Amino acid sequence: MGLPASQIADDATFMRRVTIDIAGRLPTGDEAAAFLANTAADKRAKWIDHLLESTDYANFFANKWSAILRNKRRNDNDKVSTFAFYDWIRNSLYENKPYDQFVREVVTATGTPGTNPAVAWYREVKDQAAQVEDTAQLFLGLRIQCARCHHHPFEKWSQQDYYGFAAFFSRVGRKKSSLPGFDRVFHNRGVAQAQNPKTGDQVKPTGLGSPTAELSQDDDPRIELADWMSDPSNEFFSKALVNRYWKHFFGRGLVDPEDDMRVTNPAVNPKLLNALADDFVEYDFDLKHLVRTICNSQVYQLSSEPNEWNRDDKQNFSRYYPKRLNAEVLLDAINQVTDTSTGFGGVPAGTRATQLPDNGFSSYFLTVFGRPESSSACECERSSEANLAQSLHLLNSAEIQGKLTSGSGNAALLSKDKEREHAAKIRDLYLLAFSREPSSEEATIALKHIEKAKEPKLAYEDIVWALINTKEFLFNQKP
């Protein structure tokens, strides 16, 4: 396409980028210094492996999946469900449960959240329409909501397709359980079918674009649905997941939006999408393998600095596109650089924002920076757009000022440290914030500010404040 790629990013840029994208945190200063000093040719691959084996990876991706699986808390009684569901998601990711098994356990779940945490998904997707549309959008990358009422002339799926898919959920039963406010979900024995309101036909369970399933009254049609979705020949299941993860690491999918994979919205690189999907199936739906494949690739490790040919490219991945840190990662990053913590009621002290099991924790910071409400299967709920309220909060809010001026925070500790030179302490701050050492100009400016300050603590507060308000800090790549 006449778009020569940008250069490969330097070590500091890569390390900060991949640590944020896999583990949802900044590298520590010691990690950054050790990585920069390491001369091994395979150090990037080994760091990726290290991150994937960490609990931080499981925490961060559980935060992602918890939101789109609608793990929503409305009151304190819901904690029985939301905390258990989050723990189940997190443990599944940490153990690297195959993705097809993960989806199967959600879609076919029966019982109550107390005995089977995955059934919590049915707490929010209560009616058949929600079950059909969330399943298609989340696990198949298909938005089939319109087909519920009509067949759009430019789209593939008809009402008959919609209600054939709906029939898979026609035998989902509910009854009161011993847990107040929670239903028991079960397979209600009987003929699986759904009525097409336009024709009046009773439609049997049918996978999209597939033959009708032949089931007995004793068969749970959701098991047949899980079998159909995870079949290697299914053209939607693996592509939807690899496209969703591509979006996570690059800021936009090969198909964008990532959950709107239709004939009239083709991939920018169909061969790449097919290759990733085939590889995902070949490796038995191994999520860590997929992450490893993406992050070890040359395209992920490109610099964001454009060259004369790709300056205007915004969709072909000829360079890396900077992404803003999401709300939870940014709050944790500020806490890390200021050496403070944010308290959340109902969880142990020191719990990071990326470790919160649901969205029911009150935080103005997380709200203003776009934390999702867990009300739909769409990742568009999470906002990455900048606004004035965010800027004002970082510049002069009581919350941020309290972190900067804390007597036990980083500014206070650095000012009290008489054993090291100011230059060494500035170096440590830059390694912590940006995973790199300061340039000579940056170091000179910081040292001059300390020299002219009346109190070293105030000078360090100013420096930390300046660092967390830079674009380089707010993005996972220097814009």
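Going by the structure above, here's the rest.
Residues numbered from 1 in each chain as written. Predicted model: local features only at pLDDT ≥ 70, side-chain atom pairs only at ≥ 80, totals over all residues. Heavy atoms only, no water.

**Topic: empty space enclosed by the protein**
Worth spelling out the cut-off: Here a cavity denotes grid points, spaced 1 Å and computed from the protein atoms alone, that fit a 1.4 Å probe unable to get out, and a pocket denotes an open set having protein on both sides within 12 Å along at least 5 of 7 lines; residues with an atom within 4 Å of a point are the lining. Grid points are joined across faces, edges and corners, and a volume is the space filled by probe spheres set on the points. Numbering of helices and strands starts at the N terminus; helices are DSSP runs of H or I of at least 4 residues and strands are runs of E of at least 2. Ten residues, namely Ala, Val, Leu, Ile, Met, Phe, Trp, Tyr, Cys and Pro, are considered nonpolar, four, namely Asp, Glu, Lys and Arg, are considered charged, and the remaining ones, Gly among them, are considered polar.
Tallied over the entire structure, the rule returns 3 cavities of 30 Å³ or more. Of the volumes computed, that of the largest cavity is approximately 130 Å³. Lining the largest cavity are 15 residues; nearest its centre among them are Asn63, Glu328, Asp358, Asn359 and Ser374. Top contributing element to the lining of the largest cavity by residue count: helix H4 (residues 55–68), with 3 residues. Residue composition of the lining of the largest cavity, grouped by class: 6 nonpolar, 5 polar and 4 charged.

**Description of the layout of surface pockets**
For the largest pocket, the calculated volume is near 980 Å³. Around the largest pocket, the lining comprises 37 residues; the ones closest to its centre are Lys247, Gly251, Lys323, Arg382 and Ser384. Element by element, the count of residues in the lining of the largest pocket is highest for H4, at 5 residues. For the lining of the largest pocket, the residue count by class is 14 nonpolar, 8 polar and 15 charged.

**With respect to the state of the cysteines**
Note the threshold: A pair of cysteine sulfur atoms is labelled a disulfide when the two atoms are within 2.5 Å. A 1.4 Å probe rolled over the protein chains alone gives each residue an accessible area, and that area as a share of the maximum for its type sets the label: buried under 20%, exposed over 50%, partly exposed in between.
Counted by the stated rule, this structure contains 1 disulfide. With a sulfur-sulfur separation of 2.2 Å, cysteine 378 is cross-linked through a disulfide to cysteine 380. Because the sign of the S-S torsion sets the handedness, a value of about 135 degrees for the bond joining cysteine 378 and cysteine 380 places this disulfide among the right-handed ones. Residue cysteine 380 is classed as exposed on the basis of its relative accessible area of 59%.

**With respect to the pairing of strand E2 (residues 183–187)**
Under the convention used in this document: When DSSP finds two or more bridges between two strands, those strands count as paired.
As paired elements, strand E1 (residues 172–176) and E2 share 5 bridges and run antiparallel to each other. Looking across to E2, one finds that valine 172 is bridged to histidine 187. Taking the residues that link successive antiparallel strands as the turn, the E1-E2 hairpin has 6 residues, and the phi of glycine 181 there is positive, at about 85 degrees.

**Overview of the pattern of salt bridges**
Where charged atoms from two side chains of opposite charge come close, those side chains can pair. Inclusion rule: A pairing counts as a salt bridge when a side-chain nitrogen of Lys or Arg comes within 4 Å of a carboxyl oxygen of Asp or Glu.
Summed over all chains, the structure comprises 35 salt bridges. Glutamate 437 is the salt-bridge partner of arginine 427, the closest N and O atoms lying 3.1 Å from each other. In this pair, arginine 427 sits in helix H19 (residues 422–434) while glutamate 437 sits in the loop between H19 and helix H20 (440–452), placing the two residues 10 residues apart along the sequence. Owing to a relative accessible area of 44%, glutamate 437 belongs among the partly exposed residues under this scheme. Close ionic contact of lysine 457 with glutamate 461 constitutes a salt bridge, the shortest N to O distance being 2.3 Å. With lysine 457 and glutamate 461 both in helix H21 (residues 456–468) and 4 residues apart, the pair spans about one turn of that helix. Judged by its relative accessible area of 23%, lysine 457 is partly exposed.

**What to know about the packing of aromatic side chains**
The condition that has to hold: Stacked, tilted and edge-to-face pairs are distinguished by plane angle, under 30 degrees for stacked and over 60 for edge-to-face with tilted covering the rest, among Phe, Tyr and Trp rings (Trp via its six-membered ring) whose centres lie within 6.5 Å.
Summed over the entire model, instances satisfying the criterion amount to 32 aromatic pairs. Between tyrosine 99 and phenylalanine 280, the aromatic rings sit 6.1 Å apart at their centres with planes inclined by 45 degrees, giving tilted as the arrangement. A residue pair is termed long-range when its members are at least 10 positions apart, and tyrosine 99 in helix H6 (residues 99–107) and phenylalanine 280 in helix H12 (residues 270–282) qualify at 181 residues. In this structure tyrosine 99 comes out as buried when scored by relative accessible area, which is 1%. Relative to tyrosine 163, the ring of tyrosine 162 lies with its centre 4.9 Å away and its plane at 65 degrees, an arrangement referred to as edge-to-face. Overall, tyrosine 162 belongs to the buried group, its relative accessible area being 3%.

**Some details on the side chain of aspartate 78**
Selection rule: Definition of a polar contact: a pair of N or O atoms within 3.5 Å, with one able to donate and the other able to accept a hydrogen when the atoms are protein atoms, and with sequence-neighbouring residues admitted only if both atoms are side-chain atoms.
Positionally, aspartate 78 belongs in the loop between H4 and helix H5 (79–94). A polar side-chain atom of aspartate 78 sits 3.5 Å from a polar atom in the side chain of arginine 123.

**A word on the nonpolar core**
In summary, soluble globular proteins display a tendency toward joint burial of nonpolar side chains. Stated formally: By nonpolar core we mean a set of buried residues, namely Ala, Val, Leu, Ile, Met, Phe, Trp, Tyr and Cys, connected to one another through side-chain atoms within 4.5 Å. Note on contacts: a residue pair qualifies if any of its non-hydrogen atoms lie within 4.5 Å across the two residues.
Counting 132 residues, the largest nonpolar core has Trp65, Tyr99, Phe139 and Phe473 as the members making the most contacts within it. Of the residues forming this core, the biggest block, 8 residues, is contributed by helix H11 (residues 237–250). Residues in contact with phenylalanine 473, not counting those within four places in the same chain, are Arg16, Leu26, Leu325, Leu330, Ala333, Ile334, Val337, Ala433, Phe434, Leu467 and Ile468.

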